[in-house]
Amino acid sequence: MIFITGPTASGKTRRAVDVARAIDGEIISADSRQLYRGMDLGTGKDIEEYGEIPYHLIDICPPGYRYNLFEYLRDYAAARDDIQSRGKQPIVCGGTGLYIESIVKGITLPPVPENRELRQSLENKTLDELAAILGGYKTLHNTTDVDSCKRAIRAIEIASYYHEHPDAARATEPHPMKDAVIILVDIPREDRRRRISARLKSRLEAGMIDEVAGLINSGIAPDDLIYYGLEYKYLTLYVTGRLTLEEMTQQLEIAIHQFAKRQMTWFRGMERRGFTLHKLPYDLPAAEFVERVKELEKNSNH
C-alpha cells in the first residue's frame, strides 16, 4: 500500500495523481472533510486535479453529518478491496493523520449492536456525566466521542459491549501492515505559509463565502457547519454576522496555519511511534517524485 500525506497546501493530491497514472492506481481519500457533498472550496477538493484517475471516499456524505473513524475504516476497506479486485493499485492520499495511522496500524472496529436499555438509562444525563461514565471504561484520547450527548452515548454503548464481550474486544487488536510505504510531501515552513495564504485568497475569490451561504440556505444548521472547523467555522461566523469580513479572513488564515502545524506534530508523532515516513520535497520534478515512490515501493516488497 502506498500512502501520500503531508500538511495542507503541500500539493499531495497532484503527487498522488502523478503516481496513480504511472502505476495504474486509484486514489482513496484520507481527508476527514472531503467526504461531504457540497463542501468543495472549503475542503480544497480540487476535483479537476484527478483528471481521468478514479477517486474514492469523496462526496459520500450529506453536509451536516458527523462521520466517524469506524465508518472510515469500513468504507476504506470496501474501496481498497474493490480497487484490488480490478487489478489496480490503491493509493491513500490525504492529511488526516488519524485515518492514515489507523489503516497502517491495522485497526479493525467490528460493528456493535444497539443497546436500547442502556440508551434509555443514559438519555437524561448531561454531557459531563456521560464523559465521566465513558472515562470509566477507557482513557479519552480525543474529544469527538464526547462532542455531543448522542455521540457520547454511542461511545459508552461500544465500550460496554467490548467490556461484556472480551472476544469482540480481542478482534479489535491491531494487525500492523508490513509493506506500507508512507510518503510525506515535505514543504519548508515558509513555503507552506506562503502557499496557505495564496490558496485562501484564491478560494475566497472563487466563491467560498457563497458556498457556505448556500449550505446554510439549503437548511444546514450554522452550528453543524461550525463543527467542521476552519473554513466552515469562520465563514459561517461571517455569514451569520458574528465576524466582519476582515476579522474572518484574519482569524481563518491564522487557524489554517495552526492546523498545518498540528498536522506536522501528528506526523512527527507517527515517527516517534515507530512508523517510517519517507520525506520527498514538495517541489521535486513530477517524474523524479514518481520514480522515488516506485523505488520505495519496490524495496518494500523485498
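Residues numbered from 1 in each chain as written. Predicted model: local features only at pLDDT ≥ 70, side-chain atom pairs only at ≥ 80, totals over all residues. Heavy atoms only, no water.

J.: So what's going on with the pairing of strand E1 (residues 2-5)? Which residues, and what values?
T.: Side-chain alternation along E1 places Ile2 and Ile4 on one buried face and Phe3 and Thr5 on a second face that is also buried. Here four bridges tie E1 to strand E5 (residues 181-186), and the two strands are oriented parallel to one another. Bridge pairing links isoleucine 4 to isoleucine 183 in E5. (Buried < 20%, exposed > 50% of the residue type's maximum accessible area, 1.4 Å probe, protein only. Helix = DSSP H or I, 4+ residues; strand = E, 2+ residues; numbered from the N terminus. Pairing = 2+ DSSP bridges.)

J.: How would you explain the nonpolar core if you had to name every residue and give the values?
T.: Judged by nonpolar contacts, the single largest core of 48 residues is most densely connected at Phe3, Ile28, Tyr72, Tyr76, Val92 and Leu225. Contributing elements (two or more residues each) for this core: helix H2 (69-85), helix H3 (97-105), E5, helix H8 (189-205), helix H9 (208-217), helix H11 (230-239) and helix H12 (245-272). Those residues in contact with tyrosine 72, other than ones at most four positions away along the chain, are Ile28, Ser29, Ala30, Leu57, Tyr67, Val92, Tyr99 and Ile103. (Core = buried A, V, L, I, M, F, W, Y, C linked by side-chain atoms within 4.5 Å. Contact = heavy atoms within 4.5 Å.)

J.: Give a description of the packing of H9 against H11 that names residues and reports values.
T.: Interhelical geometry of H9 versus H11 gives an angle of 75° and a closest axis separation of 9 Å. Comparing their axes, H11 and H9 come out roughly perpendicular. For the pair H9 and H11, contact is made by Met208, Ile209, Glu211, Val212, Ala213, Leu215 and Ile216 and by Glu231, Tyr232, Leu235, Thr236, Tyr238 and Val239, respectively. Of the residues assigned to the contact of H9 with H11, the class counts are ten nonpolar, one polar and two charged. (Axes fitted to C-alpha atoms, helices over the stretch in contact; angles between N-to-C directions. Parallel < 35°, antiparallel > 145°, perpendicular 65-115°, else oblique. Nonpolar A, V, L, I, M, F, W, Y, C, P; charged D, E, K, R; others polar.)

J.: A description of the pattern of salt bridges should follow, citing residues and the corresponding values.
T.: Scanning the model with the defined rule gives 24 salt bridges in all. For arginine 203, the salt bridge is made with aspartate 46, and the minimal N-O distance between the two is 3.7 Å. Taken together, the positions of arginine 203 in helix H8 and aspartate 46 in the loop between strand E2 (25-29) and strand E3 (55-56) put the pair 157 residues apart, joining distant regions of the chain. Here aspartate 46 falls in the partly exposed class, since its relative accessible area comes to 27%. Residues joined by salt bridges that share partners form a network here, namely Glu114, Arg116, Arg119, Arg154 and Glu157. (Salt bridge = Lys/Arg side-chain N within 4 Å of Asp/Glu carboxyl O.)

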